[in-house]
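# Structure at a glance
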Amino acid sequence: MTVPEGYTVCQYCRMAHPPAGPSCPSCGAALDIKRSVTRSGWVQQPPIKDLARIQFGQSRVQIEGKYVPVADFTLAEREWIYFSHHAVLWLDPGIRLSNTSLAGGWNRMLSGLPLIMVEAHGPGRIALSGDHAGELVALPLMPGRPMWTREHRFLTATGNVTYTWQNTGIWYTTGSGDDKETHYPLGQLGDLFTAQQTPGLLLLHSPGNTFLRDLAPGETIVVQPSALLYRDLSVQMHLHLEYPYGTPRFTWRSSFSQRNVWLRLIGPGRVAVASVFGHTSSHMITGNSWATVRRW
Amino acid sequence: MERIECEWCRLQNEPGATSCLSCGAPLDVRNLVTDSGWREAPRLRDLTEFRFSRSTVQVEGELVPVTEVALGQGDAVYFEHHVLLWKDEATPITAMPTGGGMKRILGGMPFVLTLAHGPGRVAFSRDSPGELVVLPLHPGMELDAREHAFLLASHTIGYSFVRIQGLANVLHGGNGMYLDRFVTTSAPGLLALHGYGNVLERYLRPGEKILVEPGAFLYKDAAVTMQAVQMPVKTGLLRRGMYLAEMTGPGRVGIQSMYVHHHAE
């Protein structure tokens, strides 16, 4: 990416902007605080400051609150966003609501997004909330550079951002016969968002706190599968099974297995995780997608 | 020296005070008002103290705040029993009948409230991340709150409930069948609500309207009217309607950013 002279690049969203103001105009990240990096190399995504503004097109969004932040949009004429109807917090009577077309509805339904989404057209104001404690993460999207996000993290996107899904290919089974169960620790499908001719904005709701890191080519890290929030498409991933030392191969309870189910991420690229995640089954794994295995 | 007016409850505080004596709001930070005109409820600092009558209230914690009340002699607060966190063994409690028993049971509201009497200490928590909203009520005020939002009220505040008018409001409004109504007559009182998530307040001018997710409604002045209105969009495979609560001024409206999803019909 060519950075115009005098501009700085936001270390979180990687967009270039003039060096002014307390927060990034593209993603709202605070710029006037020290970058917080853990000893292990994770960069803490600073929560968007209360009342910070993010500009997109002729419109803007202001982030309000600390525990369950609200995204308060001021939409300009001919600009629009789409979202699930559950996310609406309030709106001005003048804003125009409509349903998205059914095109792409099958994709949405398969991946857990509503078949019929709602569009809000400017001019006017509308506010959305993720309705759970956590952070809002703003991802400005450049045209033609898709972003993979974990399912059910989507809050809203600008009208010029298209959506599709991708099989995660991450699964394992437990039990056998009629008790056989297939688990998708990362979800069965991941969401793919792409800005079309012009830059777009994607807002995610991240439960808990958010951390990100850049993986070098070939660099790996294992994370809780359901903690993954988003990743560059260049980052590869697969299942990683880890058995602690001393784990009995056979136990009195044959269905139980002491092991960790991880997601192994391989660079190059950017990955982000949330600090709130689900837990995996503790039953014996009877089959799985391609995985690396470590027995200590 | 010039006294400091609290921007939240308008009490005139002593010069040099850092938090309001009546509601605990920080006095050394400006009101946070969004571009769209919503005012954020003041974030009470950990261990902030404020007073009502002969009692003192202290707020502890920020994520799931605890409200601890040191009740003075002759003072009392009432509450729903499941918000009790701890109490001094010697603090007396009594039952407070609410009237309208069967209606309240049908509406899913508590039939009997609990009164804690001073002197003694008692602490409350709504058991979920959010903010404590302290609303000192001056004499002659009426305020409506969504059911199960109120944490405690001082005994000088009259308590009743109002049935939400209109079948559409009941079926689509997302606020149940009743609102809690708090009324002061000649004496002031203290009302504390728990807002889930963050709380925002806005003053509507006479006739001014705003559309609010019904589950996000937290409180309003009694003069503000609330009406469920259908939006021109459909949801889900069955193409069910989407309803929002149309609030019409004059008066205050408070909303919370974490809400129970209302059932779209």
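What counts and what doesn't
Residues numbered from 1 in each chain as written. Chains lettered and ligands numbered in written order. Predicted model: local features only at pLDDT ≥ 70, side-chain atom pairs only at ≥ 80, totals over all residues. Helix = DSSP H or I, 4+ residues; strand = E, 2+ residues; numbered from the N terminus. Buried ≥ 20, exposed ≤ 12 C-beta atoms within 10 Å, placed from the backbone. Contact = placed C-beta atoms within 7 Å. Nonpolar A, V, L, I, M, F, W, Y, C, P; charged D, E, K, R; others polar. Pairing = 2+ DSSP bridges. Axes fitted to C-alpha atoms, helices over the stretch in contact; angles between N-to-C directions. pLDDT = per-residue confidence, 0-100.

Moving on, we come to the overall build of chain B. Helix and strand content of chain B: two helices and 23 strands. Within chain B, buried positions represent 43% of all 265 residues. Intrachain contacts of chain B at a sequence separation of at least 6 include 67% that bridge at least 24 residues.

For the rest of this paragraph, the subject is the overall build of chain A. When its secondary structure is counted, chain A shows one helix and 27 strands. Seen through its principal axes, chain A has C-alpha atoms that stretch 65 × 45 × 35 Å. Taken over 296 residues, chain A has a buried fraction of 42%.

Reports often express the size of an interface as the amount of accessible area lost when the parts come together. Taken together, the contact pairs 30 residues of chain B with 30 residues of chain A. Contributing elements (two or more residues each) for the side of chain B that touches chain A: β19 (209-212) and β21 (225-235) of chain B. Of the residues forming the side of chain B that touches chain A, the biggest block, five residues, is contributed by β21 of chain B. Here the side of chain B that touches chain A is built from residues that sort into 16 nonpolar, nine polar and five charged. As paired elements, strand β8 (residues 88-91) of chain A and β19 of chain B share two bridges and run antiparallel to each other. Following the sheet pairing, Trp 90 of chain A is matched in β19 of chain B by Val 212 of chain B.

Bringing the sheet that holds strand β11 (residues 120-124) of chain B into the picture now. Residue and element names in this part refer to chain B. Across the sheet, five strands lie side by side as β4-β5-β6-β11-β8; this open sheet has antiparallel pairing. Each of the sheet's edge strands pairs with one partner strand only, and the pair in question is β4 (48-52) and β8 (84-87). Shown here is a sheet whose adjacent strand axes are inclined to one another by a mean of 20 degrees, direction ignored.

The subject of this paragraph is the pairing of strand β11 (residues 124-129) of chain A. All names here are of chain A. When you tally the buried positions in β11, you get five out of six residues, the bulk of the element. Two elements, strand β6 (residues 70-75) and β11, share six bridges in a ladder whose sense is antiparallel. Opposite Ala 71, over in β11, you have Leu 128 as the bridge partner. In this sheet, β11 lies alongside β8 in antiparallel orientation, the contact comprising three bridges. What sits directly across from Trp 90, in β11, is Ala 127.

What follows concerns the sheet that holds strand β15 (residues 158-163) of chain B. Residues and elements named next belong to chain B. The sheet built from seven strands is open, its strands ordered β3-β18-β23-β20-β13-β16-β15 with antiparallel pairing. Bordering the open sheet on either side are β3 (39-40) and β15, each of which pairs with just one other strand. Two elements, β3 and strand β18 (residues 199-204), share two bridges in a ladder whose sense is antiparallel. Note that in β18 the partner of Glu 40 across the bridge is Leu 200.

Before going further, it helps to examine unusual backbone geometry. With an omega of 5 degrees, the peptide bond running from Gly 122 of chain A to Pro 123 of chain A counts as cis. Note the cis peptide between Gly 118 of chain B and Pro 119 of chain B, where omega equals 5 degrees. Mapped onto the fold, Pro 119 of chain B is located in the loop between β10 (112-117) and β11. Even without glycine at this site, Arg 14 of chain A takes up a positive phi of about 70 degrees.

Right, let's talk about the confidence of the model for chain B for a bit. Residue and element names in this part refer to chain B. Averaged over every residue, the pLDDT of chain B is 86; the share at 70 or more is 86%. Of all the helices and strands in chain B, helix α2 (residues 167-172) carries the lowest mean pLDDT, 58, while strand β23 (residues 251-256) carries the highest, 96. In this model residues 261-265 is a low-confidence stretch, pLDDT under 50, and it forms 14 contacts with partners more than four residues away in sequence or in other chains. This complex was scored by the predictor with a pTM of 0.84 and an ipTM of 0.80.

All names here are of chain A. Side chains Met 147 and Thr 149 of strand β13 (residues 147-150) all project onto a buried face; the interleaved residues Trp 148 and Arg 150 project onto the opposite face, where all are buried too. Here four bridges tie β13 to strand β18 (residues 189-195), and the two strands are oriented antiparallel to one another. From the neighbouring strand, Thr 149 faces β18, where its bridge partner is Asp 191. When β13 meets strand β22 (residues 228-231), the two strands line up antiparallel, connected through two bridges. Paired with Thr 149 across the two strands is Tyr 230, which belongs to β22.

All names here are of chain B. Position of Ala 95 among the secondary structure elements: in strand β9 (residues 93-97). With 103 residues separating them in the primary sequence, Ala 95 and Asn 198 have C-alpha atoms 32 Å apart. Contacts of Ala 95, omitting those with residues within four sequence positions, involve Val 112 and Thr 114.

This brings us to the environment of Phe 83 of chain A. Inspection of the secondary structure assignment puts Phe 83 of chain A in strand β7 (residues 80-83). When the C-alpha atoms of Phe 83 of chain A and Val 261 of chain A are compared, they prove to be 32 Å apart, with 178 residues separating the residues in sequence.

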